[in-house]
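Working through the structure, step by step
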Amino acid sequence: MKRRSTIGLLSALLLCGAGLFAPQSIAEVTPPDALVKTVTLEVLDIVSKDKEIQAGNVEKVISLVDAKVLPHFSFDSMTALAMGVNWRKATADQKTKLIQEFRTLLVRTYASALTSYRDEQFEFLPLRAKPTDTDVTVNVRVIKPGRQPIAIDYDMEKTAAGWKCYNVYVAGVSLVLNYRTEFANEIRKSSIDGLIAVLQQKNHRLEAAAK
Amino acid sequence: MLAATALAGGARMLVRSVLVTAFWLLAGCATVQNGDPRDPYESWNRAVFEFNEGFDEAVAKPIATAYRDLLPYEIRVRVRNFFSNIQDLMIGVNNLLQGKPAEAWSDWTRFVINSSVGILGLHDIASEAGLEKHNEDFGQTFAVWGAEEGPFLVWPFLGAGTVRDSFGFAADVAAAPTRWVTSDAAVQWGLWGLYLVNERADLLDAKTILDESAIDKYVARRDFFYQRRRDLIYDGNPPRPPRERPPGRDEPRAEAPLAAHEPAARTAPRSAEAEPAVSGALSQDDAPFATAGDAL
């Protein structure tokens, strides 16, 4: 009995391991447009079947996003973009903290958008890039009745670990660049450490409010 | 954007009187140090912004929330479609004024199809038939004509805009198709009310997300406004500056051709002389930095 459960545990671990590594190896060969489409459809499928998520369970969405979406984002690049000129002035330690806090903030606030997903149609536009390109934009459109379709554009870069998204435009608004003035203002008012503290406080407040 | 955030507004007289009084109030306002050069009246704008937020929290949002909870999604879509349909008329006019007759024709065809087959616009049959919905207003038309955008302004009740967009909004209201639906003032007011409540209800989640994600709500909203308007003026195809690369990348990277970054051009690109009308993109501030290769 004991032996069998150990084997079961081992094989479960192996399966988990395979599961962990599989996305990476697939990502290396998956073209960026196919990657966006697969991940989007997979996540939407889960959301549309999950009553708890639809009822507004943000923690559950966050764990879903953590598992399915975040591996395809490059938060260091995103943070650098949002920081602009100030990025060069940050120490390695400050950069690590900024990436950590910015990631938490983006995930927490935008994951909640998924809870309001209902039956919008997604249209995946063909990629306009050469096969040799290492930096492309993937265009997706959300169709809603009575509204102009909403464009979602993903700027993606090719890395050793597959294609990673580093900037997202929704209806022409970069959710990353929109932070640049806010970040710069905080740094001007106090310092980079001051900005880190503000982000930490904000994340703590959001986390507390969700509970 | 103006129309979307306009909650209590709508009456031409209100717009006119607010425009005039606020203009003179603005004239004597102090500027904010180190602020955005597009926003010289920031301290005044912030005060109005706070007032609007208070009004939204106390009046508009509760009404919109009740409306959303009361009416099923199916009905709210019909309301949205109804207004969307009558707006297609002026969207077509604006497309024509911007030199896009094909788009104008498409908008009016949408109106004819949706008004008849779609039963007074309640059903957006035209979109299903492949006639895409557009987003145009007089503010965009003025921009295409090359009008200067002027400073950033936040109006009581009406929300954010530039001087150019404020004139555009006044023109939008003056030409609003609600008056073609009926000449009865009470019904017109009712239609405006329904439209605004329905719009606000549609934006409940989006506004919460935007506010929650912001460090400084005012700045976040202002930058959002500028990015969004720029996208609308260029019909979703704004010229992006030499592509902004995330800084901190050591390995040299092949420069992707610009064409790859621009979504399919639905219209001919704006001519160069129209460009000064659009304020610098957010990303242009730090353009030289885009190529910096400092270590992470």
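Fair warning: this is a prediction, and the values are worked out from it, not measured in the lab. (Residues numbered from 1 in each chain as written. Chains lettered and ligands numbered in written order. Predicted model: local features only at pLDDT ≥ 70, side-chain atom pairs only at ≥ 80, totals over all residues. Heavy atoms only, no water.)

**Looking at the overall build of chain A**
Broken down by element type, chain A carries eight helices and five strands. Helices (α) and strands (β) of chain A occur, in sequence order from the N terminus, as α-α-α-α-α-α-β-β-β-β-β-α-α. Burial analysis of chain A (211 residues in total) assigns 49% to the buried set. When contacts within chain A are restricted to residue pairs at least 6 apart in sequence, those whose partners lie at least 24 apart make up 55%. (Helix = DSSP H or I, 4+ residues; strand = E, 2+ residues; numbered from the N terminus. Buried < 20%, exposed > 50% of the residue type's maximum accessible area, 1.4 Å probe, protein only. Contact = heavy atoms within 4.5 Å.)

**Overview of the overall build of chain B**
Per the secondary structure count, chain B includes twelve helices and two strands. From first element to last, N terminus to C terminus, chain B shows the α and β order α-α-α-α-α-α-α-β-β-α-α-α-α-α. The proportion of buried residues among the 296 residues of chain B is 51%. Considering only residue pairs separated by 6 or more positions, chain B has 71% of its internal contacts joining residues 24 or more positions apart. Carbon and sulfur atoms make up 66% of the accessible area of chain B, which totals about 13600 Å². (Areas by Shrake-Rupley, 256 points an atom, 1.4 Å probe, with all protein chains shown as cover.)

**Points about the side chain of Asn167(A)**
With respect to the secondary-structure elements, Asn167(A) resides in strand E4 (residues 162–170). Contacts of Asn167(A), omitting those with residues within four sequence positions, involve Met78(A), Leu81(A), Asp153(A), Tyr154(A), Asp155(A), Ser174(A), Val176(A) and Leu177(A).

**Regarding the pattern of salt bridges**
Residues and elements named next belong to chain B. Tallied over the full model, the rule gives 40 salt bridges over all chains. Close ionic contact of Asp36 with Arg38 constitutes a salt bridge, the shortest N to O distance being 2.9 Å. For Glu42, the salt bridge goes to Arg46, with nearest N and O atoms at 3.0 Å. Of this pair, Glu42 and Arg46 both sit in helix H3 (residues 42–70), four residues apart, which is roughly one turn of that helix. Residue classification places Glu42 among the buried positions, given a relative accessible area of 6%. (Salt bridge = Lys/Arg side-chain N within 4 Å of Asp/Glu carboxyl O.)

**Some remarks on the side chain of Lys133(B)**
Mapped onto the elements of the fold, Lys133(B) is located in the loop between helix H6 (125–128) and helix H7 (138–145). Judged by relative accessible area, which is 5%, Lys133(B) ranks as buried. In this structure the side chain of Lys133(B) is engaged in a polar contact, spanning 2.8 Å, whose partner is the side chain of Ser84(B). Of note is the side chain of Lys133(B), whose polar atom sits 2.7 Å from the side chain of Asp88(B). In contact with Lys133(B), not counting residues within four places along its chain, are Gly146(A), Arg147(A), Gln148(A), Pro149(A), Ser84(B), Asp88(B), Ile91(B), Arg110(B) and Ser127(B). (Polar contact = N/O pair within 3.5 Å; in protein donor to acceptor, adjacent residues only side chain to side chain.)

**Describing the confidence of the model for chain A**
Residues and elements named next belong to chain A. Considering every residue of chain A, the mean pLDDT works out to 84; 86% of them sit at 70 or more. Counting interchain partners and residues more than four positions distant, the pLDDT-below-50 stretch residues 13–22 has zero contacts. When the criterion is pLDDT under 50, residues 24–28 qualifies, and its contacts beyond four places in sequence or with other chains add up to eight contacts. (pLDDT = per-residue confidence, 0-100.)

**Some points on unusual backbone geometry**
A positive phi angle, close to 50 degrees, is found at Ile119(B), a residue other than glycine. Note that Ile119(B) resides in the loop between helix H5 (101–116) and H6.

**Description of helix H2 (residues 32–49) of chain A**
Turn by turn, an α-helix covers 3.6 residues, leaving residues three or four places apart pointing in a common direction. All names here are of chain A. For H2, with 18 residues, the first-to-last C-alpha span of 26 Å sits near the 26 Å given by 1.5 Å per residue. Those residues of H2 lying buried are Pro32, Leu35, Val36, Val39, Thr40, Val43, Leu44 and Val47. End-on, the buried residues of H2 take up no more than an arc of 140 degrees, which puts them together on one face. (Expected span 1.5 Å × (residues − 1). Arc of directions from axis to C-beta.)

**As for the packing of helix H11 (residues 204–213) of chain B against helix H12 (residues 217–233) of chain B**
Residue and element names in this part refer to chain B. Two elements in contact, H11 and H12, have axes whose closest approach is 8 Å; the angle formed by their N-to-C orientations is 120 degrees. Taken as axis vectors, H11 and H12 run oblique relative to one another. The chirality of how H11 crosses H12 is right-handed. Contact residues: Lys207, Leu210 and Asp211 in H11; Lys217, Arg221 and Phe224 in H12. (Axes fitted to C-alpha atoms, helices over the stretch in contact; angles between N-to-C directions. Parallel < 35°, antiparallel > 145°, perpendicular 65-115°, else oblique. Left-handed = near helix turned anticlockwise from the far one by under 90°.)

**Here's the deal with the packing of aromatic side chains**
All names here are of chain B. Across all of its chains, the model carries 17 aromatic pairs over all chains by this definition. Arranged with centres 5.4 Å apart and planes meeting at 75 degrees, the rings of Phe51 and Phe157 form a pair that is edge-to-face. Here Phe51 is found in helix H3, whereas its partner Phe157 is found in the loop between strand E1 (152–155) and strand E2 (159–162), with 106 residues between them in sequence. Here the aromatic cluster, defined as three or more aromatic residues joined through ring pairs, consists of Phe49, Phe152, Tyr218, Phe225 and Tyr226. The residue whose ring lies beneath Arg38 is Tyr226, and the NZ or CZ to ring-centre distance is 3.9 Å. (Phe/Tyr/Trp six-rings, centres within 6.5 Å; stacked < 30°, edge-to-face > 60°. Lys NZ or Arg CZ within 6 Å of the ring centre and 35° of its normal.)

**Observations regarding the nonpolar core**
As a rule of thumb, nonpolar side chains are buried together in soluble globular proteins. One finds Tyr154(A), Met156(A) and Phe183(A) to be the most contacted residues of the largest nonpolar core, which totals 54 residues. Tallying contributions element by element places helix H6 (residues 92–115) of chain A first for this core, with eight residues. Ala64(B), Leu153(B), Trp192(B) and Ala201(B) belong to the second largest nonpolar core, which has 17 residues in total. (Core = buried A, V, L, I, M, F, W, Y, C linked by side-chain atoms within 4.5 Å.)

**Section: the confidence of the model for chain B**
All names here are of chain B. Of the residues in chain B, 70% have a pLDDT of 70 or more, and the chain-wide mean is 78. Low confidence marks residues 27–31, where pLDDT is under 50. Its contacts with residues over four positions away, or in another chain, come to five contacts. Among the prediction metrics, the complex's ipTM stands at 0.81, with pTM recorded as 0.77.

**Here we look at the sheet that holds strand E1 (residues 121–124) of chain A**
Remark on secondary structure: sheet strands pair via backbone hydrogen bonds, oriented parallel or antiparallel. What the five strands build is an open sheet, ordered E1-E2-E3-E4-E5 (chain A); its pairing is antiparallel. Edge positions in the open sheet fall to E1 and strand E5 (173–174) of chain A, since each of these has one partner strand only. (Pairing = 2+ DSSP bridges.)

**Things to note about the environment of Val170(A)**
Residue and element names in this part refer to chain A. Relative to the helices and strands, Val170 is located in strand E4. Judged by relative accessible area, which is 29%, Val170 ranks as partly exposed. Spatially, the C-alpha atoms of Val170 and Met156 are 15 Å apart, while their sequence positions differ by 14 residues. Beyond its immediate sequence surroundings of up to four residues, Val170 is in contact with Ile150, Ala151, Ile152 and Leu175.

**Thoughts on the pairing of E2(B)**
Residue and element names in this part refer to chain B. In this sheet, E2 lies alongside E1 in antiparallel orientation, the contact comprising four bridges. Counterpart to Val154 in the pairing with E2 is Ala160. If you look at the hairpin formed by E1 and E2, you'll find three residues sitting between the two strands, and Phe157 has a positive phi there, around 70 degrees.

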